[in-house]
Structures are given as structure tokens and as C-alpha cells.
Amino acid sequence: MRYALPIALLVCLAALLVISPHLEPRRLRAKARRLTDDLRDKHGFREGSKAAWSEARATGWPPFHYGKHQAVQGGLIGSLQGLPVRVAEYETVYNGWRHQYGVAAVVLPRPMEWMEVRGENAFSASRVAEHVPDGRIPSLGVPEFDAVWAVYADTPVAVLTVGGAATAEAMLALPTPLSWRTHNSELLLWKRDGWSGATQLLTSVSVVMNFLGLSSYDEADASR
């Protein structure tokens, strides 16, 4: 009997080690399903094509720059201020752990120079090689913004044209850390572990659109 308790503890520990990698992905998938239902039922989104993400994935830029078994799940398409918006969940496996992101893409009304704004690391649960581009802009003149965000661009003019000190302050209204990038005629946003809900997602897209000088999104629509 004196060995029964240690053996039971070892069995429980082994079971925990086997089960634990699957618990968080299940929770995040359930959250993603709730987001999908909310976007479809309350905000007019509809089923989209997974193939629409092929070009963004082919760049090999974050968050598509690492991992195996990469997959896009639950793709939807809708509109925001008259611009097409795609939303999906993206998964990849790294060192045996499944990493999940919420991704959203806006088709821009005109091509824009490449610019990338980072608000969080790719993933925090394990060491992931960070893809750091050239062209770091040291400051936009708003200390609160500079302390949180890392901005990269081919030329400082590209940033100052659409995101000077005045509009950089608007980025502080983002409801959650995330990262985004403009490339050609597309704006891509990505968030580690996905969005908590439709309001958080739509407000985040709205704030970035405002930073880029596009029409601001009426937050009342996001809370319908």
C-alpha cells in the first residue's frame, strides 16, 4: 500500500502530460467557433474560400513563417466600411505544440507600400524564431505608442504619410495586442490565440483602418 500513492501520482502526472497539449487548442477552437457564429449571425459574414489565403501564406511572413501542418480553418467573408474583409483561424504545429492565430484581411481600395506594425511576439508558449524585417522606424513621436509598437517600413515617408503622430494616438485605442501589415492592396491583421469575440475583432480592424487613413468604423455596428 505504501507504493500505491506514489504510483497513482505518477500515473496522474503522465496522464496530465499526455492530455495537456490538447486542452488549450480545444478551448481556442471553441472560442473560434463562437466568433464564427457571431460574425455570421449578427454581422452578415458568410462562408469564404480557404484558397483566398494562399497568397498571404505564400509570402512566408508572420504568422506564416514557421511550423508544420499549417492550416486555415473556418474562413468567412464580409465587409467593413464597404471594403471586403476575410476572417479565419490559422493553425500550425511547432515542437509538438499547436499554435493558433486569428487572422483578418482587408482588401484595400488602393495599393499601399509595405509596412508592418508589431504589437506582440509570434507566440509566447515556446521559443519561436522571430522574423524581424529591415526598416525599423525608431519613433512616430508618441511615446505611449513607441513603447508598445514596433514599426517597420521601406521608407519613413510611407509611415508618416498614413500614420503620423496624430493618428498614432488612435492606435492606443486597440482593445488587444496584435500585429498587422500592408502589402500591395491588402491589410493583414493577426492575433495570437485568436480574437475573444466579434466586437474585439471588428474594433481592431476599425482602429487600424483609421491609422491608415481609411474611413473609420462605427463601433456601434460592432456591438449590435
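Residues numbered from 1 in each chain as written. Predicted model: local features only at pLDDT ≥ 70, side-chain atom pairs only at ≥ 80, totals over all residues. Heavy atoms only, no water.

The subject of this paragraph is the nonpolar core. Membership of the largest hydrophobic core comes to 39 residues, with the highest contact counts inside it found for Leu39, Phe145, Met171, Trp180, Leu187, Phe211 and Leu212. Elements that contribute at least two residues to this core include exactly α1 (4-42), β2 (68-80), β3 (83-94), β4 (97-118), β6 (150-153), α5 (165-171), β7 (179-192) and α6 (198-211). Take this core: its biggest share by element is eight residues, from α6. Methionine 171 has contacts with Val117, Phe145, Trp149, Trp180, Val207, Val208 and Phe211, leaving out every residue within four places of it along the chain. The next biggest cluster of nonpolar side chains, apart from the first, holds twelve residues, and it includes Trp53, Tyr66, Tyr101 and Trp190. (Core = buried A, V, L, I, M, F, W, Y, C linked by side-chain atoms within 4.5 Å. Buried < 20%, exposed > 50% of the residue type's maximum accessible area, 1.4 Å probe, protein only. Helix = DSSP H or I, 4+ residues; strand = E, 2+ residues; numbered from the N terminus. Contact = heavy atoms within 4.5 Å.)

Bringing α6 into the picture now. In an α-helix, one turn spans 3.6 residues, which is why side chains three or four residues apart end up on the same side. With 14 residues, α6 extends 20 Å between its outermost C-alpha atoms, agreeing within 8% with the 20 Å of an ideal straight helix rising 1.5 Å per residue. In terms of residue burial, α6 counts as a mostly covered element, since twelve of its 14 residues are buried. Regarding α6, the residues found buried are Ala198, Gln200, Leu201, Leu202, Thr203, Ser204, Val205, Ser206, Val207, Val208, Met209 and Phe211. (Expected span 1.5 Å × (residues − 1).)

Its location among the elements puts serine 79 in strand β2. Once you skip the residues sitting within four places of it in the chain, serine 79 turns out to touch Phe45, Pro84 and Val85.

Bringing the confidence of the model for the protein into the picture now. Detailed reading of predicted coordinates is not advised where the pLDDT is low. Looking at the protein as a whole, the pLDDT averages 79, with 74% of positions reaching at least 70. In the model, residues 11-21 has pLDDT below 50 throughout and makes one contact with residues more than four positions away in sequence or in other chains. Overall, residues 216-224 carries pLDDT values under 50, and its contacts beyond four positions in sequence, including any with other chains, amount to 18 contacts. (pLDDT = per-residue confidence, 0-100.)

Attention now goes to the packing of aromatic side chains. Scanning the model with the defined rule gives six aromatic pairs in all. Summarising the aromatic geometry, the rings of tyrosine 66 and tyrosine 94 are spaced 5.5 Å apart at their centres and angled 80° between planes, so their arrangement reads as edge-to-face. Placement of the pair is tyrosine 66 in the loop between α2 (54-58) and β2 and tyrosine 94 in strand β3, with a sequence separation of 28 residues. Look at tyrosine 66 and you get buried, because its relative accessible area is 6%. Relative accessible area serves as the criterion here: at 22%, tyrosine 94 is assigned to the partly exposed category. The cationic tip of arginine 86 hangs over the ring face of tryptophan 53; the distance from NZ or CZ to the ring centre is 4.5 Å. One cation-aromatic arrangement involves arginine 136 over tyrosine 152; the distance from NZ or CZ to the ring centre is 5.7 Å. (Phe/Tyr/Trp six-rings, centres within 6.5 Å; stacked < 30°, edge-to-face > 60°. Lys NZ or Arg CZ within 6 Å of the ring centre and 35° of its normal.)

Moving on: the side chain of threonine 92. Position of threonine 92 relative to the elements: it lies in strand β3. For threonine 92, a relative accessible area of 0% corresponds to the buried category. Polar side-chain contacts of threonine 92 include one of 3.2 Å to the backbone oxygen of tyrosine 66. When near neighbours in sequence (up to four residues on either side) are disregarded, threonine 92 contacts Tyr66, Gly67, Lys68, His69, Gln70, Trp97, Arg98 and His99. (Polar contact = N/O pair within 3.5 Å; in protein donor to acceptor, adjacent residues only side chain to side chain.)

With an omega of 0°, the peptide bond running from proline 62 to proline 63 counts as cis. Along the chain, proline 63 falls in the loop between α2 and β2. Phi is positive for histidine 69, close to 55°, though the residue is something other than glycine. When you line up the elements, histidine 69 lands in strand β2. Classification of histidine 69 as exposed rests on a relative accessible area of 63%.

In total, this model carries seven salt bridges according to the counting rule given. Across the pair arginine 40 and glutamate 47 runs a salt bridge, and its minimum N-O distance is 2.5 Å. Residue classification places arginine 40 among the partly exposed positions, given a relative accessible area of 31%. Here the salt bridges do not stand alone but share partners, grouping Asp37, Arg40 and Glu47 into one network. (Salt bridge = Lys/Arg side-chain N within 4 Å of Asp/Glu carboxyl O.)

Moving on: the pairing of β6. Two faces make up the sheet, and in a regular strand the side chains alternate between them. Residue alternation in β6 divides its side chains into two sets, Ala150 and Tyr152 and Val151 and Ala153, and both sets are buried. Note: β4 against β6, four bridges, orientation antiparallel. What sits directly across from arginine 118, in β6, is alanine 150. (Pairing = 2+ DSSP bridges.)

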